[in-house]
Amino acid sequence: MIDVRPFNTLGGANHGWLNAKHHFSFANHYDPKRMGWGRLRVWNDDEIAAQSGFPPHPHADMEIITYVRTGAITHQDSMGNTGRTGAGDVQVMSAGTGVRHAEYNMENELTTLFQIWIETDRPGAQPSWGQREFPKSDRSGRFTVVASGDPADEALTINADARVLAATLKAGESLSYDLASGRRAYLVPAVGQVEVNGTTLNARDGAGIIDEPTITITAKEDAELVMVDSL
């Protein structure tokens, strides 16, 4: 089954400095039919104006992954971490027992990103933060795991039985991904139109996928993909 959530149907809010679209219920947007997708709780499509951002605020017991699409985001937190994550790269924060953080667009251009929240498997864990570059050339034509709860994936570490994957495809290229029984995938093309097992997705549409043993994605135009595989 593939449940398509077109970008133009997503809820959200425009705060001036932040234009946010929510694939699932979030903040003041509530849709009882879209509370999440398994353990995936939040997928926000954010546009953050230049020289603005999220002031310090708290989180606990959530795995928070930020995939930067354009521009860059600068992170600061109560653990003493600071870092700048640029386009195509990823940062993760395991909120654990509690952390305060701020996310600012310090650039002189719009920053766009996906912010993804996955329910933790380790409530009360020590909080942590990490950031890593993922060159698009290394994931051309294939999925690369950018965050995972499995150390064997050699990706950024999260405290959840989940994988966050990214790929780029040239127009006409295809890739396939095996989805284990009982697991769910949520796929969003950051750029480009694709076909997923015969179903068309436009840029920034979401697709909840379950009971599809193999996911085959064909790019109708050059595409950049982000996907979560979780329980």
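Residues numbered from 1 in each chain as written. Predicted model: local features only at pLDDT ≥ 70, side-chain atom pairs only at ≥ 80, totals over all residues. Heavy atoms only, no water.

A. Examining the nonpolar core more closely. The biggest cluster of nonpolar side chains holds 26 residues, and the ones touching the most others in it are L40, W43, I65 and I118. Mapped onto this core, the elements with two or more residues apiece are β4 (40-48), β6 (62-70), β9 (90-94), β11 (111-119), β13 (144-148), β15 (162-169), β17 (184-191) and β22 (223-230). Not counting chain neighbours up to four residues away, the residues in contact with I118 comprise R39, L40, M62, E63, I65, I158, A160, A162, V164 and V228. L165, L169, L201 and M227 belong to the second-largest nonpolar core, a separate cluster that totals 22 residues. (Core = buried A, V, L, I, M, F, W, Y, C linked by side-chain atoms within 4.5 Å. Buried < 20%, exposed > 50% of the residue type's maximum accessible area, 1.4 Å probe, protein only. Helix = DSSP H or I, 4+ residues; strand = E, 2+ residues; numbered from the N terminus. Contact = heavy atoms within 4.5 Å.)

B. Structural detail: the packing of aromatic side chains. Per the counting criterion, the structure on display carries seven aromatic pairs. Judged by centre distance (5.0 Å) and plane angle (55°), the rings of F24 and Y186 are tilted. On the criterion of sequence distance, the pair formed by F24 in the loop between β3 (18-22) and β4 and Y186 in strand β17 is long-range, its members being 162 residues apart. Residue F24 shares its accessibility class with Y186, and that shared class is buried. Measuring from ring centre to ring centre gives 5.4 Å for W43 and Y186, while their planes differ by 55°; the resulting arrangement is tilted. One end of the pair, W43, is in strand β4; the other, Y186, is in strand β17, and 143 residues separate them in sequence. By the burial criterion, W43 is buried, and Y186 matches it. Through a chain of ring-to-ring contacts, the aromatic side chains of F24, W43, Y67, F114 and Y186 assemble into a single cluster. Residue placement shows R69 over the ring face of F114; its charged tip is 4.7 Å from the ring centre. Positioned above the aromatic ring of W37 is the side chain of R184, whose terminal nitrogen or guanidinium carbon lies 4.7 Å from the ring centre. (Phe/Tyr/Trp six-rings, centres within 6.5 Å; stacked < 30°, edge-to-face > 60°. Lys NZ or Arg CZ within 6 Å of the ring centre and 35° of its normal.)

C. Just unusual backbone geometry, in detail. A positive phi is found at E154, a non-glycine position, where the angle reads about 55°. Following the sequence through the fold, E154 ends up in the loop between β13 and β14 (156-157).

D. Structural context of the sheet that holds strand β8 (residues 82-86). Spatially, the four strands line up as an open sheet ordered β5-β10-β7-β8, and their pairing is antiparallel. In the strand order of this sheet, the two ends are held by β5 (52-59) and β8, each with one partner. The mean inter-strand angle of the sheet, taken between neighbouring strand axes irrespective of direction, is 20°. With four bridges joining them, strand β7 (residues 72-77) and strand β10 (residues 99-105) adopt antiparallel strand pairing. Looking at β10, one finds that H75 is bridged to E103. (Pairing = 2+ DSSP bridges. Axes fitted to C-alpha atoms, helices over the stretch in contact; angles between N-to-C directions.)

The values reported here are purely geometric and, on their own, carry no functional implication.
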